Amino acid sequence: MKNKQDYEWGIYKGKLPYLLRLKGDPSIIIFEPSRELVKNVTHRIDDIIKTYNMILPAKCSLCVLGYDPNLPVEYTAEEVAHTFADFIKKKYRPGIVMGISYGGFISIPFAALHPELTQKMILMVSAYAASPDGIQLMKDFIHEIDGENQYGVVQKFYSLILGTPLRLLFTFLTWLKRKDYKNNVNPASTFINAYNYVIKTNGINKKYLPEINASTLIIGGDKDPFFNNELFKETEELIPDSKLSLYKNQGHFVAIEKMKSVKKELADFIL
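So, how was this worked out
- Residues numbered from 1 in each chain as written.
- Predicted model: local features only at pLDDT ≥ 70, side-chain atom pairs only at ≥ 80, totals over all residues.
- Heavy atoms only, no water.
- Phe/Tyr/Trp six-rings, centres within 6.5 Å; stacked < 30°, edge-to-face > 60°.
- Helix = DSSP H or I, 4+ residues; strand = E, 2+ residues; numbered from the N terminus.
- Buried < 20%, exposed > 50% of the residue type's maximum accessible area, 1.4 Å probe, protein only.
- Lys NZ or Arg CZ within 6 Å of the ring centre and 35° of its normal.
- Contact = heavy atoms within 4.5 Å.
- Pairing = 2+ DSSP bridges.
- Right-handed = clockwise from strand over helix to strand, strands pointing away.
- Axes fitted to C-alpha atoms, helices over the stretch in contact; angles between N-to-C directions.
- Parallel < 35°, antiparallel > 145°, perpendicular 65-115°, else oblique.
- Left-handed = near helix turned anticlockwise from the far one by under 90°.
- Nonpolar A, V, L, I, M, F, W, Y, C, P; charged D, E, K, R; others polar.
- Expected span 1.5 Å × (residues − 1).
- Disulfide = S-S within 2.5 Å.
- Salt bridge = Lys/Arg side-chain N within 4 Å of Asp/Glu carboxyl O.

### What to know about the packing of aromatic side chains
Here is step 1 of the chain: Enumeration according to the criterion identifies 21 aromatic pairs in this entry.
Here is step 2 of the chain: Where Tyr-158 meets Phe-253, the ring centres are 5.9 Å apart and the plane angle is 45 degrees; that geometry is what we call tilted. Within this pair, whereas Tyr-158 is found in helix H6 (residues 150–158), its partner Phe-253 is found in the loop between strand E9 (242–247) and helix H10 (254–257), the two being separated by 95 residues in sequence.
Here is step 3 of the chain: Accessibility expressed as a relative area gives 21% for Tyr-158, which makes it partly exposed.
Here is step 4 of the chain: Above the plane of the ring of Phe-269 lies Lys-120, whose end atom (NZ or CZ) is 4.9 Å from the centre.

### So, the side chain of Asp-224
Here is step 1 of the chain: With respect to the helices, strands and loops of the structure, Asp-224 is situated in the loop between strand E8 (215–221) and helix H9 (229–238).
Here is step 2 of the chain: When near neighbours in sequence (up to four residues on either side) are disregarded, Asp-224 contacts Val-125, Phe-232, Gln-250, Gly-251 and His-252.

### Considerations on unusual backbone geometry
Here is step 1 of the chain: That bond from Asp-25 to Pro-26 is cis: its omega, 0 degrees, falls within 30 degrees of zero.
Here is step 2 of the chain: For Pro-26, the position within the fold is in the loop between strand E3 (16–21) and strand E4 (27–31).
Here is step 3 of the chain: Positive phi, close to 55 degrees, is recorded for Asn-249, a residue that is not glycine.

### Topic: the pairing of strand E6 (residues 95–100)
Here is step 1 of the chain: Most of E6 sits out of view: six of its six residues are buried.
Here is step 2 of the chain: The sheet contact formed by E4 and E6 spans four bridges and is parallel. Residue Ile-29 lies in a different strand from E6, and its bridge partner there is Val-97.
Here is step 3 of the chain: The pairing of E6 with strand E7 (residues 118–124) spans six bridges and is classified as parallel. Within the sheet, the bridge partner assigned to Met-98 lies in E7 and is Ile-122.
Here is step 4 of the chain: Crossover E6 to E7 through helix H4 (residues 104–113) is right-handed.

### What about the packing of H6 against helix H7 (residues 164–176)?
Here is step 1 of the chain: For the pair H6 and H7, interaxial distance at closest approach is 9 Å and the crossing angle is 165 degrees. As judged from the angle between their axes, H6 and H7 are roughly antiparallel. Considering only the axes of H6 and H7, their crossing is right-handed. Across the interface between the two elements, Tyr-151, Val-154, Gln-155 and Tyr-158 of H6 pack against Arg-167, Phe-170, Thr-171, Thr-174 and Trp-175 of H7.
Here is step 2 of the chain: Residues of the contact of H6 with H7, tallied by class, amount to five nonpolar, three polar and one charged.

### Description of helix H3 (residues 77–91)
Here is step 1 of the chain: Along its 15 residues, H3 runs 21 Å from first to last C-alpha, staying within 8% of the 21 Å computed at 1.5 Å per residue.
Here is step 2 of the chain: The set of residues buried in H3 consists of Ala-77, Glu-78, Val-80, Ala-81, Phe-84, Ala-85, Phe-87 and Ile-88.

### Quick word on the state of the cysteines
Here is step 1 of the chain: Scanning the model with the defined rule gives zero disulfides in all.
Here is step 2 of the chain: With no disulfide of its own, Cys-60 has Cys-63 as its nearest cysteine by sulfur position, at a separation of 13 Å.

### Quick look at the environment of Leu-231
Here is step 1 of the chain: Following the sequence through the fold, Leu-231 ends up in helix H9.
Here is step 2 of the chain: Residue classification places Leu-231 among the buried positions, given a relative accessible area of 9%.
Here is step 3 of the chain: Once the C-alpha coordinates of Leu-231 and Ile-270 are considered, the two residues, 39 residues apart in sequence, prove to be 24 Å apart.
Here is step 4 of the chain: Residues within four places of Leu-231 in sequence aside, it is in contact with Ala-127, Tyr-128, Ala-129, Ala-130 and Ser-131.

### Focus: the pairing of E4
Here is step 1 of the chain: The buried fraction of E4 amounts to five of the five residues, a majority that puts the element mostly inside the structure.
Here is step 2 of the chain: Of the two faces of E4, the one holding Ser-27, Ile-29 and Phe-31 and the one holding Ile-28 and Ile-30 are both buried throughout.

### A look at H4
Here is step 1 of the chain: Within H4, nine of the ten residues are buried, leaving the element largely enclosed by the surrounding structure.
Here is step 2 of the chain: The set of residues buried in H4 consists of Gly-104, Phe-105, Ile-106, Ser-107, Ile-108, Pro-109, Phe-110, Ala-111 and Ala-112.
Here is step 3 of the chain: Looking at the buried residues of H4, the elements they touch are E4, H3, E6, E7, helix H5 (132–145) and helix H8 (188–201).

### Describing the pattern of salt bridges
Here is step 1 of the chain: Counted under the stated rule, the structure contains ten salt bridges.
Here is step 2 of the chain: The salt bridge partner of Arg-35 is Glu-32, with a shortest N-O separation of 3.1 Å.
Here is step 3 of the chain: The exposure class of Arg-35 is partly exposed, given its relative accessible area of 31%.
Here is step 4 of the chain: For Lys-89, the salt bridge identified is with Glu-116, shortest N-O distance 3.8 Å. Separated by 27 residues along the polypeptide, Lys-89 in helix H3 and Glu-116 in the loop between H4 and E7 bring together distant segments of the chain.
Here is step 5 of the chain: The exposed category is assigned to Lys-89, whose relative accessible area is 53%.
Here is step 6 of the chain: Ionic contacts of the salt-bridge type, sharing partners, join the residues Glu-32, Arg-35, Glu-36 and Arg-44 into one network.

Below you can see the structure in the form of structure tokens.
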């Protein structure tokens, strides 16, 4: 474990990367997107702190959870959810759970199976299943990272940013850090195993939606290549207490491209 300002981080039981800021209220629990599958929390501290300081209300406490850096072929979203629950019970506290992109595939079973830990839920650019186009895109990402091309897959992610200036900026900043993707990265199998699980079990989370008691906010873009409008709307319809905020002409990076609006919406829901 290390300390930096008010933060601490480490890898719980050798399998669960985490970052904590224990001071503050309310409590926010983040289930990380696919970037965590490339490079885990413990090697992205500064970027994570900066990112969540930009989009979350000030003075919240924070628990950012990642995934086993050596994620095995045989795993289930439920197993990951139970591991998260064990960590939260022992080292954090109940809070508002936010599953971002891939993290939504974990937060849905988590909220259903551990209502005592889920005060509210946010699905950020995520739904209970990926669209057919999303499944194909996942297969493309698997092909990209196969052979340990972590840098290539990160650049491919940023190619999904719709706004040209912002896309070019992120592409350039990633290029500057290209050497970082040769060191301290997860093996390609971590990413491949996670995406193959989603492809193989796509739609399995639908059964959990009616069991979610937590008030839920779903934020998405109507041009998201991973999740189409029908999936966003069906996720909203099947969670008893939920609201969908679907941004027009926005894609998978709506939280960055419409940061001001998304930040306000998150604050209104969280506070």
